[in-house]
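Here are the chains, one letter per residue:
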Amino acid sequence: MSIVPSSCVGDGTVLDRSGSEDARDAPAWIEAIGRVGLVAYGLVHLGIAVLAIRIAALGPRSAHGEDGGHADPRGAVALVAAGGGFFGRWLLAAAAVALVAFAFWQLRAAAVGFCWASPEERWRKRLGAAAKALGVLSVAYLAAEFATRLQGRRNAFQETVREVFTYPGGRWAVGIAGLIAVGMFFSMTYTGVRATFMGDFVAAKLHGYRWRLTMITGSVGNLTRAVTFGVVGILTTGAAINDDPDAIGGVDVALRTMAAHTLGAAVFVIAGLGFAAYFVYCVMDAYARHP
């Protein structure tokens, strides 16, 4: 019995969504570990939410000096590493394994999966799975880094960016990455507004309030991430045009840029609520996602 179909059955065929072994996008054991990884991915967003609200309460100075003060994935992972001691490092190591399992699940789905979806949405779901796998792998790397060191390299991201700018075509590569992030803004906005993510779930597992909770938190969470990705993309593209690697930043820099030009500290509160919503969505996703 094949575990993953090598190709979808005909252009007009939608395979069953019963969760049988033949309909799975990955082996059952990978899927089981991957669901744990999806919860871990949600917890990273919850950590970002906590840090964002902390910055709103304590002011911008709260984020300087320590990794754990930055409202981004590195800051969230550092929060666990700092607070958990030796146990925290083992917890991060386990999270890294689970995140890699989820990424493998999604990469496999991106290659040959989603045969249960209609042909017109199959390509979109595969692209989304590939993008999510890359995001999860980046968080897995951070978790592994902190698990194997007393702390992660504080300036690792910026050092990598500066090194890329020194290569021939490095600025072009960074500029393309920025445009991809802008493209993700449009894709994730569409996902959040149309709630297309609801098609990824086994409907029988989401009755009544569970359906409403998943739809609301998924929409809010995806829209929060969309705006953040959009700002990151604009900053990255601008940095490539201006040959200024120091202008590039992740979630934390995006939030600070929005705060400086719009609602101030309220941006961190709004973002914190959005990232917290995404955590709830990830938990529901892990529970009800189609095999």
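So, a few notes on the structure that sits alongside this text.

Let's talk about the pattern of salt bridges
Piece 1. Summed over all chains, the structure comprises nine salt bridges.
Piece 2. Its salt-bridge partner being R289, residue D285 comes within 2.9 Å of it at the nearest N-O pair.
Piece 3. For D285, a relative accessible area of 0% puts it in the buried group.
Piece 4. Through salt bridges with shared partners, a single ionic network connects E121, R124, K125 and D200.

Thoughts on unusual backbone geometry
Piece 1. Unusually for a residue other than glycine, A195 sits at a positive phi of about 55°.
Piece 2. Secondary-structure assignment places A195 in the loop between α5 (170–194) and α6 (209–242).
Piece 3. At D243, a residue that is not glycine, the phi angle is positive and equals roughly 55°.
Piece 4. Tracing the backbone through its elements, the reader meets D243 in the loop between α6 and α7 (251–261).

As for the packing of α5 against α6
Piece 1. Between α5 and α6, the least distance of the axes is 7 Å, while the angle of their chain directions is 160°. With respect to α6, the axis of α5 lies roughly antiparallel. Crossing angle aside, the handedness with which α5 passes α6 is left-handed.

Reading the values: rules and limits
- Residues numbered from 1 in each chain as written.
- Predicted model: local features only at pLDDT ≥ 70, side-chain atom pairs only at ≥ 80, totals over all residues.
- Heavy atoms only, no water.
- Salt bridge = Lys/Arg side-chain N within 4 Å of Asp/Glu carboxyl O.
- Buried < 20%, exposed > 50% of the residue type's maximum accessible area, 1.4 Å probe, protein only.
- Helix = DSSP H or I, 4+ residues; strand = E, 2+ residues; numbered from the N terminus.
- Axes fitted to C-alpha atoms, helices over the stretch in contact; angles between N-to-C directions.
- Parallel < 35°, antiparallel > 145°, perpendicular 65-115°, else oblique.
- Left-handed = near helix turned anticlockwise from the far one by under 90°.

Remember, this is a structural readout, not a statement about activity or role.
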